[in-house]
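Structural overview for review
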Amino acid sequence: MDLLRVGKEQVQPNEGLGLASSSRKAHSFPPGNTPLRNVIHCSGFIGKAKIKIKRMEIELKRKESAGPAGTNVHNETDTIGKFEVMDGAPVRSEKIPIRLFLSAYDSLTPTYRSVNNIFSVRYFLNLVLVDDADRRYFKQTEITLWRADPETIA
């Protein structure tokens, strides 16, 4: 059976994409920690598909929350980048490699989780499958971005 890997955790792909019994898909996202100027490598595998997939997209999203914990929290979500990875129906058992170059985005900052319980910045990779009826199926995983010494990345 195909499994979805997010870091070290294994999840059934149908649960992640909301496809009850119509397909077998696996998606491999990177482990959680990534330097800001690095490349994110992921892949998609389409095994058996009973739905007609029209395209696959990947999005990089930033979610910010500000305010004291409780009812007065302001949340804001920005889509930093959106790419069409695949256009058209996939071939059965096709593995689709995905590379996302983070150095192209100047607005990226490190991930901040709960700074004094008032402020946080988190980043997510969002994989979107679109079928012929323009229904959208999502799988989202959080990534942690951090500043690294430029000499250690090269």
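Residues numbered from 1 in each chain as written. Predicted model: local features only at pLDDT ≥ 70, side-chain atom pairs only at ≥ 80, totals over all residues. Heavy atoms only, no water.

Turning next to the overall build of the protein. Looking only at helices and strands, the protein features two helices and 11 strands. Mapped in sequence order, the helices and strands of the protein form the string β-β-α-β-β-β-β-β-β-β-β-β-α. Buried residues in the protein amount to 41% of all 154 residues. Sequence separation of 24 or more characterises 63% of the internal contacts of the protein that already satisfy a separation of 6 or more. Surface summary for the protein: the accessible area is close to 9,000 Å², and the carbon and sulfur share equals 49%. (Helix = DSSP H or I, 4+ residues; strand = E, 2+ residues; numbered from the N terminus. Buried < 20%, exposed > 50% of the residue type's maximum accessible area, 1.4 Å probe, protein only. Contact = heavy atoms within 4.5 Å. Areas by Shrake-Rupley, 256 points an atom, 1.4 Å probe, with all protein chains shown as cover.)

This part takes up the side chain of Lys61. Tracing the chain through its elements places Lys61 in strand E6 (residues 53–66). Taking relative accessible area as the criterion, Lys61 reaches 17% and is therefore assigned buried. Leave out the neighbours within four places in its chain, and Lys61 touches Thr77, Asp78, Thr79, Arg122, Tyr123, Phe124 and Asn126.

What follows concerns the packing of aromatic side chains. Where two aromatic rings form a pair, the distance of their centres and the angle of their planes describe that pair. On inspection of all chains with the given rule, the structure shows zero aromatic pairs. Above the plane of the ring of Phe124 lies Lys63, whose end atom (NZ or CZ) is 4.7 Å from the centre. (Phe/Tyr/Trp six-rings, centres within 6.5 Å; stacked < 30°, edge-to-face > 60°. Lys NZ or Arg CZ within 6 Å of the ring centre and 35° of its normal.)

Core analysis: the largest hydrophobic core is formed by 16 residues, its most contacted members being Leu60, Leu108 and Leu125. Of all the elements, strand E10 (residues 119–131) adds the most residues to this core, at three residues. Membership of the second largest hydrophobic core comes to nine residues, among which are Ile46, Ile51, Met86 and Leu129. (Core = buried A, V, L, I, M, F, W, Y, C linked by side-chain atoms within 4.5 Å.)

What follows concerns the confidence of the model for the protein. In the predicted model, the protein carries a mean pLDDT of 75, and 73% of its residues have values of at least 70. Note on residues 1–26: pLDDT under 50 across the span, and 69 contacts to partners over four residues away in sequence or across chains. (pLDDT = per-residue confidence, 0-100.)

Time to look at the pattern of salt bridges. Applying the stated criterion to the full structure yields 11 salt bridges. Where Arg136 meets Glu57, a salt bridge forms, and the shortest distance between an N and an O atom there is 3.4 Å. One end of the pair, Arg136, is in strand E11 (residues 136–146); the other, Glu57, is in strand E6, with 79 residues separating them in the sequence. Take Glu57: its relative accessible area is 6%, and that puts it in the buried class. For Asp78, the salt bridge identified is with Arg62, shortest N-O distance 3.9 Å. Of the two residues, Asp78 is situated in strand E7 (residues 74–87) and Arg62 in strand E6; the sequence distance between them amounts to 16 residues. (Salt bridge = Lys/Arg side-chain N within 4 Å of Asp/Glu carboxyl O.)

Note: strand E9 (residues 112–115) against E10, two bridges, orientation antiparallel. In the strand pairing of E10, Val115 is matched with Phe119. The turn linking E9 back onto E10 is made up of three residues, and Asn116 within it adopts a positive phi angle of 55°. (Pairing = 2+ DSSP bridges.)

Backbone geometry at Asn116 places phi at a positive 55°, although glycine is not the residue there. Here Asn116 shows up in the loop between E9 and E10. Given the relative accessible area of 68%, Asn116 is considered exposed. Positive phi, normally seen in glycine, also occurs at Asp134, with a value near 60°. Counting through the fold element by element, Asp134 comes out in the loop between E10 and E11.

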